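# Structural description and commentary
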Amino acid sequence: MSRRVRLGLFLLAGPGLAAVLVLGFRGLPAFGDYHGVYGRIVDNFALSARHATDFVTALNFDIRAFDTLGEEYILFAAAAGVALVLRGLREEGEGPHPAPPQQHGFAGASDALRSLALLLPPLLVGLGGYVVLHGALTPGGGFQGGVVLAAGPLGALVTGRYLAFKRIAPHSAVEALEALGAWAYAMLGLGGLVFASRYLQNYLPLGIPTHLLSGGFMPLNSIAVGLEVSGAFLLVWTEFLDQALISGRGDRS
Amino acid sequence: MSFLPFAVAAWLFVIGLWGVVSSQNLVRTVLCLIVTQSATYVLLLGIGYRAAGKAPIVADIPVVNTLVDPTVQVLVLTDIVIEATVVALLLALVVQAHKRFGSVDPAELRIMRG
């Protein structure tokens, strides 16, 4: 479809869109004038019934845990899709990755950069683990912590050395991490079926609020999602970096 | 003033959509799609806000305070993470399109052969 046809269609549909937008926004309550019931109920009972002090995590990994299952598998499917599409381009199917060339980026990285590359991964992984584990207490949880965890190995890239990144996060390990996260979350849900007769029902002792091991199975769900998210991000980055640094070198078109 | 967050959401939606429609580069199309999607974040958080409400995290504040709706925050935070991978998938498709058609202009993709 040429650009002209697209613009024409948009101008044709524009008034309809504008009408729907105006109608919809006119029906909204004023900003700050909240009428919802669900949020109020959660705010009132999450602490007493779930022993979690972060209600966002209580919703994410307990009350709406089933939705999170779906969201986690969207993530899984999208990351798998990236791998599928980019690997198809390399015309090697499921075969092993090509051996990366010996040197990338600027060889003359300064000592400061080198020590930063050495320092960043453990620091970021530690921070990510903290964010994942404390999801039920303070802002955090598997989704946010997973991204920080994934950023850890990426810290090794500040010197432009892709090989160092690959050594910290080898391809097979990244794939295994992602699959493990998806599997663990589904299995934790099955635990609810076994111990509490409902899928993804919270079946572990709730513990004392503000303690690390409180909120029942929330920390475990959080860890599962954290593994899944970090695995998915690392897989996507690995595929794109492989594409750019290894396969993309020779011009094929 | 109380309408400002919703106005921002509507503007982000329309400007992102315009970007998608008028785009001459698939990478730009994907980026504009992100802008469009950000409108939903602003809208959701705006709907969940209660006047003078605090963040729904009671680790260090008394529970009796007025709290905002945590439901919309869950939707937004999971979607931000998922969106990143979905955008990666779209960009992978752009790479694929460039390899196949030698161009990232959507107008050049008229012949969609399998």
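Reading the values: rules and limits
- Residues numbered from 1 in each chain as written.
- Chains lettered and ligands numbered in written order.
- Predicted model: local features only at pLDDT ≥ 70, side-chain atom pairs only at ≥ 80, totals over all residues.
- Helix = DSSP H or I, 4+ residues; strand = E, 2+ residues; numbered from the N terminus.
- Rg over C-alpha atoms; globule rule 2.2 N^0.38 Å.
- Buried ≥ 20, exposed ≤ 12 C-beta atoms within 10 Å, placed from the backbone.
- Contact = placed C-beta atoms within 7 Å.
- Core = buried A, V, L, I, M, F, W, Y, C linked by C-beta atoms within 7 Å.
- Nonpolar A, V, L, I, M, F, W, Y, C, P; charged D, E, K, R; others polar.
- Expected span 1.5 Å × (residues − 1).
- Axes fitted to C-alpha atoms, helices over the stretch in contact; angles between N-to-C directions.
- Parallel < 35°, antiparallel > 145°, perpendicular 65-115°, else oblique.
- Left-handed = near helix turned anticlockwise from the far one by under 90°.
- pLDDT = per-residue confidence, 0-100.

Let us now look at the overall build of chain B. Within chain B, the regular secondary structure consists of three helices and zero strands. Listing the helices and strands of chain B from first to last along the sequence gives α-α-α. Here chain B has a C-alpha radius of gyration of 19 Å; the compact-globule value for 114 residues is 13 Å, and the former is much larger. The C-alpha extent of chain B, read off along each of the three principal axes, is 60 × 30 × 20 Å.

Right, let's talk about the overall build of chain A for a bit. If you tally the helices and strands in chain A, you get nine helices and zero strands. Traced from its N-terminal end to its C-terminal end, chain A shows the element sequence α-α-α-α-α-α-α-α-α. Taken across its 253 residues, chain A has 37% of its residues classed as buried. Long-range contacts, defined as pairs at least 24 residues apart, comprise 73% of the intrachain contacts of chain A with a sequence gap of at least 6.

Here the focus is the nonpolar core. One recurring pattern in soluble globular proteins: nonpolar side chains tend to sit buried together. Of all hydrophobic cores here, the largest spans 68 residues; its most connected members are Phe55(A), Ala58(A), Ala79(A), Val82(A), Ala232(A) and Val236(A). The leading source of residues in this core is helix H9 (residues 218-245) of chain A, at twelve residues. With residues near it in sequence (within four places) discarded, Val236(A) still touches Ala79(A), Val82(A), Thr85(B) and Ala88(B).

As a further point, take the interface of chain B and chain A. Facing 39 residues of chain B, the contacting portion of chain A comprises 50 residues. Elements supplying a minimum of two residues to the side of chain B that touches chain A: helix H1 (4-22), helix H2 (26-48) and helix H3 (70-101) of chain B. It is H3(B) that provides the largest number of residues to the side of chain B that touches chain A, a total of 17 residues. Class assignment for the residues of the side of chain B that touches chain A results in 25 nonpolar, eleven polar and three charged.

With 23 residues, H2(B) should reach 33 Å at 1.5 Å per residue; the first-to-last C-alpha distance of 34 Å fits that figure. Listed in full, the buried residues belonging to H2(B) are Leu26(B), Ala39(B), Leu43(B), Gly46(B), Ile47(B) and Gly48(B). For H2(B), the secondary structure elements touched by its buried residues are helix H2 (38-50) of chain A together with H1 and H3 of chain B.

Residues and elements named next belong to chain A. Residue Leu-200 is not a glycine yet carries a positive backbone phi of 60°. Assignment of secondary structure puts Leu-200 in the loop between helix H8 (171-195) and H9. By the C-beta count within 10 Å, which is 25 here, Leu-200 ends up buried. You will see that Thr-210, though not glycine, has its phi angle at about 70°, which is positive. Within the fold, Thr-210 resides in the loop between H8 and H9.

This part is about the packing of H8(A) against H9(A). All names here are of chain A. The N-to-C vectors of H8 and H9 enclose an angle of 150°; their axes lie 7 Å apart at closest approach. Judged by the inter-axis angle, H8 sits roughly antiparallel to H9. Crossing geometry of H8 relative to H9 is assigned as left-handed. The segment H8 lies against H9, with His-171, Val-174, Glu-175, Leu-177, Glu-178, Leu-180, Gly-181, Ala-182, Ala-184, Tyr-185 and Leu-188 engaging Leu-220, Asn-221, Ala-224, Val-225, Leu-227, Glu-228, Ser-230, Gly-231, Ala-232, Leu-234, Leu-235 and Thr-238. Partitioning the contact of H8 with H9 into residue classes produces 14 nonpolar, six polar and three charged.

What follows concerns the environment of Val58(B). Tracing the sequence through the fold places Val58(B) in the loop between H2 and H3. Each C-alpha atom, one on Val58(B) and one on Ser103(B), is 52 Å from the other, the two residues being 45 residues apart in sequence.

Quick look at the confidence of the model for chain B now. For chain B, the mean per-residue pLDDT works out to 88, and 93% of the residues sit at or above 70. Of all secondary-structure elements in chain B, the lowest mean pLDDT belongs to H3(B), at 91, while H2(B) reaches the highest, 94.

Tracing the chain through its elements places Gln37(B) in helix H2. Between the C-alpha atom of Gln37(B) and that of Leu17(B), which follows or precedes it by 20 residues, the distance is 9.6 Å.

In this section: the confidence of the model for chain A. Where the model shows low pLDDT, its predicted coordinates should not be examined in detail. When pLDDT is averaged along chain A, the result is 86, and 89% of the positions lie at 70 or above. Scored below 50 in pLDDT, residues 249-253 of chain A shows three contacts in the model against residues more than four places distant or in partner chains.

For the rest of this paragraph, the subject is the packing of helix H4 (residues 65-89) of chain A against H3(B). Their axes nearest at 9 Å, the elements H4(A) and H3(B) cross at an angle of 20°. As far as their axial angle goes, H3(B) and H4(A) are roughly parallel. Note on packing geometry: the crossing formed by H4(A) with H3(B) is left-handed. On H3(B), the residues touching Thr68(A), Glu71(A), Ile74(A), Leu75(A), Ala78(A), Ala79(A), Gly81(A), Val82(A), Val85(A), Leu86(A) and Leu89(A) of H4(A) are Thr78(B), Val81(B), Ile82(B), Thr85(B), Val86(B), Ala88(B), Leu89(B), Ala92(B), Leu93(B), Val95(B), Gln96(B) and Lys99(B). Classifying every residue of the contact of H4(A) with H3(B) gives 16 nonpolar, five polar and two charged.

Most of helix H3 (residues 55-63) of chain A sits inside the fold, with nine of its nine residues counted as buried. Where the residues of H3(A) are buried, they touch H2, H4 and H9 of chain A together with H3 of chain B.

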